[in-house]
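Read off the chains here:
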Amino acid sequence: MTDIRSNDVPGAAEETIWVEKESFIDSVPRGISMIFVFAVFVGVWQLSTSLGLVSPIILPTPGETLKDMIFVGKNLITGDYMLPALWITVKEVIYGFALAIFIGFSLGVLVGETAFGEKAIMPYLVAIDTMPKVAFAPLFVAWLGFGIESKVALAAFIATFPIVVGTAAGLHAADENSRMLFKTMGATRMQTLIKMKLPMGLPQIFTGLKIGAVGVMAGAITGEFLGGGKGFGELIRVAASQLNTPRVFSLILYLSLIGLALYASVTWTQRKVVFWHKDRVGATDV
């Protein structure tokens, strides 16, 4: 029997190599794709308002929203009353995220590293996470008052669970061969955790951090809605009560920029720390 190998037949190697063909939509540059999606969104928005499909009281036109965004931007640049409100919300988000990282990482190590944490602590964390978190806002206000503390607590409360899950999953990411290698070398449990489990679990840990970065903004604004305050959430509440929908939309868009900046900072840190890992699924290069 003749064994025909790819080396014996010219061009056979190229024919036997399977290469996934890139679709046309995937070959479009990212910038062009984002501009196209944005243009379609604004076009549908403008068309729905122009044809009277939606009341202008409910949905302002893109032009009205842009005009109000310029007004808010000028207010922020000149240091008027909106700038202190924005700074209060930014502090709530930053403090809440920092607190969520501390609590979430600590609980994640407890759950991922000990059987007690996985069996006794994790079920309670899951049960708490399934509860409607908005309902906890009045409790945080009653416990911590109407100041920034209650908003920080609610923001951290919403962002903590994804960090716990990401940390615990990261500690379980190490393969059995690596565990056996450290065990045979006489490494202690702490050395194994710091030098092997944490480095190998960084991709999952950063995934939890990115999910937490998205939720922390919602926690801070929800706390301002239900517990008073002097941040952007209060400005949105006042504008909504006055049916000033362009102002509501413009303030929400500025808040989204803050949330995007926080997410981008986590992503940038991940690239610098976990440079050896390529995150393809759900990655956002911002």
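Structure: above.
Residues numbered from 1 in each chain as written. Predicted model: local features only at pLDDT ≥ 70, side-chain atom pairs only at ≥ 80, totals over all residues. Heavy atoms only, no water.

Between helix α6 (residues 115–130) and helix α8 (residues 148–171), the least distance of the axes is 11 Å, while the angle of their chain directions is 140°. On the basis of their axis angle, the class for α6 and α8 is oblique. The two elements α6 and α8 meet at a crossing, and its hand is left-handed. Packed against α6, whose contacting residues are M122, L125, V126, I128 and D129, the element α8 presents F157, F161, V164 and V165 at the interface. (Axes fitted to C-alpha atoms, helices over the stretch in contact; angles between N-to-C directions. Helix = DSSP H or I, 4+ residues; strand = E, 2+ residues; numbered from the N terminus. Parallel < 35°, antiparallel > 145°, perpendicular 65-115°, else oblique. Left-handed = near helix turned anticlockwise from the far one by under 90°. Contact = heavy atoms within 4.5 Å.)

This part covers the environment of G112. As for its placement among the helices and strands, G112 is situated in helix α5 (residues 82–113). Between the alpha carbons of G112 and A168 there is a distance of 4.1 Å; along the sequence they are 56 residues apart. Not counting residues within four places of it along the chain, the set of residues in contact with G112 comprises A168, L171 and H172.

Our focus in this paragraph is the nonpolar core. Counting 37 residues, the largest nonpolar core has F97 and F232 as the members making the most contacts within it. Mapped by element, the contributors of at least two residues to this core are α4 (62–77), α5, α8, α10 (189–227), α11 (232–241) and α12 (245–273). Top contributing element to this core by residue count: α10, with ten residues. Setting aside residues no more than four positions away along its own chain, F232 makes contact with L76, M82, A85, L86, T89, E224, L251, Y254 and L255. (Core = buried A, V, L, I, M, F, W, Y, C linked by side-chain atoms within 4.5 Å. Buried < 20%, exposed > 50% of the residue type's maximum accessible area, 1.4 Å probe, protein only.)

Judged by side-chain polarity, F36, V37, V40 and V44 come together as a nonpolar surface patch covering roughly 400 Å² of accessible area. Structurally, F36 can be placed in helix α3 (residues 30–50). (Patch = residues over 30% accessible without salt bridge, like charges linked within 9 Å, V, L, I, M, F, W, Y side chains within 5 Å. Areas by Shrake-Rupley, 256 points an atom, 1.4 Å probe, with all protein chains shown as cover. Salt bridge = Lys/Arg side-chain N within 4 Å of Asp/Glu carboxyl O.)

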